[in-house]
Amino acid sequence: MKYQSQKIAYWFFAAAMVLFSLQIVYGFIMGFARIGYDVLHDWIPFNTARAVHTNLLVVWLLCGFMGAAYYIIPEEVERDLEWPKLAWLQYFSLLIDGVIAVGCYHFNIWEGRKFLEIPRPLDYLVVVNVLMFIANIGVTMWKGKRSTTTSMVLFMGLLFAALLYLPGMVQVRNQTVDSFYRWWVVHLWVEGVWELIMGGMLCYLLIKLTGVDREVVEKWLYLIVGLTFLSGILGTGHHYYYIGTPRYWLIVGGVFSALEPLAFLGMAIYALAMAKRGERKHPNRIALTWSLGCAVMSFVGAGFLGMAHTLPQVNMYTHGTLVTAMHGHLAFWGAYAMIVLAMIAYALPLMTGRKLWDTPLASWAFWTSNIGMLGMTGALAVAGITQVNLERRMGLDFMLVQKEIQVHFIGMLLAAALFTVGIGMFIVMFFRHGLPNDEALGTDVAGDLVAVGK
Amino acid sequence: MLSKSQAKTFFVGGTVVFSAAFLALTYDSMQQIPALTHDDKITPAVERGKMIWEDNNCMGCHTLFGEGAYYAPELTKVVERRGKPWLKLFLKDPQKMFPGERKMVQYGFNEAQIDDVIAFLEWCGNVDLQGFPAKPPLAGKVQNVVSSGGATGKPQPELFRTICVACHAVGGAGGTVGPPLDDVRNRKSRADMMAWIANPQSIKPGTPMPKIDMSEAQLNEIVDFLLSLSGSVPAAVAPAQPQPTFE
Ligand code: HEM
Ligand code: HEM
Ligand SMILES: [Fe+2]
């Protein structure tokens, strides 16, 4: 850590850890409801648990991205944040906004559209909040000593993410139009601009951890995010097959979304190649493990499992089944949760000055959580495929089929328990690092320079 | 090999071209959607129904157009599948229809709200979804092991087909909340049946079977139908749901 103002990142990461834990709690509430123990129904019905589960996911990931930006940008452009106090204001207002929204869901108050459940008045607060964040980062970059591709890509990702939130706020009377613009947020975020954020973060981590020449890494970054937009924008069509939109989306969506995995494949190959090529052996091996793990798992979850149901012929039967939930879990985990955890694993020792990177607990956290998540994905896959065959292909009643697949949720919960143990270890590691402090100022304290051999 | 500035051009150029194409297709879709969705049929009732749908986040358990949660039935074609009388009864008291099953929230909607929700769902059911949800392609290849023991009687009256089968099986097909009715004539006389169906609660307070509004003629038609059933429950019906086999 070089700059005083980078410390704010720690608080964003800490909030992310807390919200992540809560997300998992609500995941278990739904998991138990699905095996017949819907004991909390009167207080937390399934739709409440689901809205909290997915919204907390998005909020903790955004906290992670914002923390990452507050950490990366000063270092990349070589100056302190423009308005450190504004960053604090933004931090608290984001958390308050989130807490109010989650509270509202428990009282049947929401916008009631999947992933965009936040009540409309709070939407405006989100917009103001994000404006504060973008302005702070933007002005810091503008006044910075140098401008780098990594910081530009990261910034553009965050800016576009903010802009794309707006179409999701319009209110219309036609359910099809409603859905149409909902996807501008949901799809164009995860399969568009968030990939820029992920690419920017991954690029930064690879430069720091492998020592490969910045020019080479950044050239590949351009190619990969170019591929992302080339396929991902028109790839939105894979959500426009069956919602009342014109027929040509079957072809446009089918062709372009089938190209989307290429960007993820590119990301995986690029990360592995850079790691192999890098001559520098940074002592923080676990941060590199998380970074490479992210590149690989995002390909498996988003690229491979996305491809599995993206063709219209397949999607006709898998649309809106547990197959989607299977893909949603591994994709979010691999691409976005893991990049945030990678960033934390990298930045935490540098902010606190405690080199806890070589402990067994750190690697256990990585392997346990990943194996747990793969187990959950497997259980959801078996449940999803069975549902598709019995309900969609043979025409058995929905609820009858749900009873048939109930047993797979026991498996899913066991895997989820393993996953939770892994995340628990990660969080223990997190708090063992202690708080960010001034002794950690100056990279050599925590090993970044030592690693370069200076 | 590609230089960094060429890579940048690829990124910027690709983004501009494909964003423009996407916006053009969006514009065209917006022109076509009104016809595909029968926008002119969006009455105030449909609009109110949509508000109820959103205000209660029904999408947090159900899917509509295949979007939402996977915990409760897909509702796009529910009006066609269940019929309005059944839906009215169900929405009045969702937990009563399937006691002990996975729970829906008891919203306590009034008649007007129920009509709005049904209007909204009916509008959704008529949107051109390019063939979704597909007819189950293997349904024809799956046959019931149970023979249609009770299906020898008169054709099922409309009301029976849309409401009663949700809870009662006839000929091995139907719900399991109440007993199969193939052999009900061995247990109940005409008068008993009339009294029971007209108002189950008055005969056995607390029974899960609801009072279903119907005319005298409909009641007679249903009882005639029940008395016409052959009188034996198919042997394999004990678990009550048809077991599929494959040809
Ligand atoms: C990191 C990237 C990705 C994430 C986080 C992600 C996540 C999700 C989520 C949460 C959904 C459910 C959305 C909803 O119903 O509201 C979904 C749906 C879908 N995703 Fe992805 N996804 C990613 C990448 C991809 C890619 C690359 C493909 C294709 C190759 C893909 C194909 C699909 C399809 C076809 C659906 C619709 C499923 C349905 O019809 O129910 N996804 N994705
Ligand atoms: C560890 C315990 C977890 C459990 C028991 C769990 C369980 C569930 C359940 C039951 C659903 C609802 C599926 C339905 O509609 O029926 C769900 C949805 C979802 N969960 Fe989790 N989850 C867990 C962790 C996670 C994690 C770590 C992530 C992200 C990294 C995640 C991301 C999601 C997403 C994106 C959805 C929405 C999927 C869709 O709409 O297709 N969950 N989860
Ligand atoms: Fe998508």
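Conventions adopted
- Residues numbered from 1 in each chain as written.
- Chains lettered and ligands numbered in written order.
- Predicted model: local features only at pLDDT ≥ 70, side-chain atom pairs only at ≥ 80, totals over all residues.
- Heavy atoms only, no water.
- Near = heavy atom within 4 Å.
- Polar contact = N/O pair within 3.5 Å; in protein donor to acceptor, adjacent residues only side chain to side chain.
- Helix = DSSP H or I, 4+ residues; strand = E, 2+ residues; numbered from the N terminus.
- Nonpolar A, V, L, I, M, F, W, Y, C, P; charged D, E, K, R; others polar.
- Domains from an automatic or database assignment.
- Contact = heavy atoms within 4.5 Å.
- Buried area = accessible area lost by both parts, 1.4 Å probe.
- Salt bridge = Lys/Arg side-chain N within 4 Å of Asp/Glu carboxyl O.
- Phe/Tyr/Trp six-rings, centres within 6.5 Å; stacked < 30°, edge-to-face > 60°.
- Lys NZ or Arg CZ within 6 Å of the ring centre and 35° of its normal.
- Donors = N, O, S within 2.8 Å, 3.2 Å for Na, K, Ca; no water.
- Tetrahedral: all angles 85-135°; square planar, octahedral: opposite > 155°, others 65-115°.
- Buried < 20%, exposed > 50% of the residue type's maximum accessible area, 1.4 Å probe, protein only.
- pLDDT = per-residue confidence, 0-100.
- Core = buried A, V, L, I, M, F, W, Y, C linked by side-chain atoms within 4.5 Å.

Section: the site of ligand 1
Then, number 1: Contacts to ligand 1 come from 27 residues, most closely from Lys-114, His-319, Gly-320, Thr-324 and His-327 of chain A.
Then, number 2: Ligand 1 sits at the junction of chains A and B, each of which supplies nearby residues.
Then, number 3: Between ligand 1 and Asn-315 of chain A, the relevant distance is 2.9 Å, taken from an oxygen atom to a side-chain nitrogen or oxygen of the residue.
Then, number 4: The separation between an oxygen atom of ligand 1 and a polar side-chain atom of Thr-324 of chain A is 2.7 Å.
Then, number 5: At the level of elements, helix 6 (175-210), helix 8 (248-277), helix 9 (285-307) and helix 11 (322-352) of chain A are the ones that each hand at least two residues to the shell around ligand 1.
Then, number 6: The leading source of residues in the shell around ligand 1 is helix 11 of chain A, at six residues.
Then, number 7: Across the shell around ligand 1, the residue classes tally to 12 nonpolar, 11 polar and four charged.

Quick word on the domain arrangement of chain B
Residues and elements named next belong to chain B.
Then, number 1: Considered domain by domain, chain B is made up of domain 1 (43-126) and domain 2 (139-237).
Then, number 2: Look at where the C-alpha atoms of domain 1 and domain 2 centre, and you get two points 25 Å apart.
Then, number 3: Contact with domain 1, which involves eight residues of that partner, is made by 11 residues of domain 2.
Then, number 4: For the pairing of domain 1 and domain 2, the buried interface totals around 800 Å² over both sides, and the portion due to carbon and sulfur atoms is 73%.
Then, number 5: Linking domain 1 with domain 2 are zero salt bridges, by the criterion used here.
Then, number 6: Counting every contact that joins domain 1 to domain 2 gives zero residue pairs in polar contact (both at pLDDT 80 or more).
Then, number 7: Of all the secondary structure elements, the ones that give two or more residues to the side of domain 1 that touches domain 2 are helix 4 (84-92) and helix 5 (94-97).
Then, number 8: Across the side of domain 1 that touches domain 2, the residue classes tally to six nonpolar, no polar and two charged.

What to know about the packing of aromatic side chains
Then, number 1: Following the criterion strictly, the structure yields 48 aromatic pairs over all chains and no others.
Then, number 2: Between Trp-194 of chain A and Phe-332 of chain A, the ring centres sit 6.3 Å apart and the planes meet at 80 degrees, which makes this aromatic pair edge-to-face. Separated by 138 residues along the polypeptide, Trp-194 of chain A in helix 6 and Phe-332 of chain A in helix 11 bring together distant segments of the chain.
Then, number 3: Positioned over the ring face of Trp-183 of chain A is Arg-182 of chain A, at 4.5 Å from the centre of the ring.
Then, number 4: The residue whose ring lies beneath Arg-82 of chain B is Trp-86 of chain B, and the NZ or CZ to ring-centre distance is 4.2 Å.

Some thoughts on the coordination of the iron ion (ligand 3)
Ideal coordination angles are 109.5 degrees for a metal with four donors arranged tetrahedrally and 90 or 180 degrees for a metal with six donors arranged octahedrally.
Residues and elements named next belong to chain A.
Then, number 1: At the metal site, the iron ion (ligand 3) is ligated by His-187 (ND1), Glu-191 (OE), His-238 (NE2) and His-239 (NE2), and these contacts range over 2.1 to 2.2 Å.
Then, number 2: The site at the iron ion (ligand 3) holds four donor atoms, and with the angles between them running 85 to 146 degrees, its shape is irregular.
Then, number 3: Sequence positions of the residues that donate to the iron ion (ligand 3) give the spacing H-x3-E-x46-H-H.
Then, number 4: Between the iron ion (ligand 3) and the iron atom of ligand 1, the interatomic distance is 4.3 Å. Remark: His-239 occurs in the loop between helix 7 (214-235) and helix 8 and His-187 occurs in helix 6; sequence separation between them is 52 residues.
Then, number 5: For His-239, a relative accessible area of 17% puts it in the buried group.

Some words on the confidence of the model for chain B
Residue and element names in this part refer to chain B.
Then, number 1: For chain B, mean pLDDT is 86; residues scoring 70 or higher make up 90% of the total.
Then, number 2: Here residues 145-150 scores under 50 on pLDDT; set against residues more than four positions off or in separate chains, the count is 20 contacts.
Then, number 3: Low pLDDT, under 50, characterises residues 236-247; the predicted model gives this stretch 30 contacts beyond four residues in sequence or across chains.
Then, number 4: In the model output, the complex is listed with pTM 0.90 alongside ipTM 0.93.

Concerning the nonpolar core
Then, number 1: Counting residues in hydrophobic clusters, the biggest one holds 236 residues, and the most contacted among them are Tyr-71, Trp-194, Trp-333 and Met-343 of chain A.
Then, number 2: Among the elements that line this core, the one with the most residues is helix 11 of chain A, at 24 residues.
Then, number 3: The residue makeup of this core includes at least three contributed by each of domain 1 (43-126) and domain 2 (139-237) of chain B.
Then, number 4: When residues no more than four places from it in sequence are discounted, the contact partners of Trp-333 of chain A are Phe-20, Trp-290, Met-297, Met-338, Leu-341, Ser-369, Asn-370, Met-373, Phe-419 and Ile-423 of chain A.

Points about unusual backbone geometry
Then, number 1: For the bond running from Phe-132 of chain B to Pro-133 of chain B, omega is -10 degrees, close enough to zero to count as cis.
Then, number 2: For Pro-133 of chain B, the location among the structural elements is in the loop between helix 6 (111-125) and strand 3 (142-144).
Then, number 3: Phi angles above zero are rare outside glycine, and Asn-108 of chain A is one such case at about 55 degrees.
Then, number 4: Here Asn-108 of chain A shows up in the loop between helix 3 (84-105) and helix 4 (120-142).
Then, number 5: Exposure remark for Asn-108 of chain A: the relative accessible area of 33% places this residue in the partly exposed category.
Then, number 6: Even without a glycine there, the phi angle at Asn-57 of chain B is positive, about 50 degrees.

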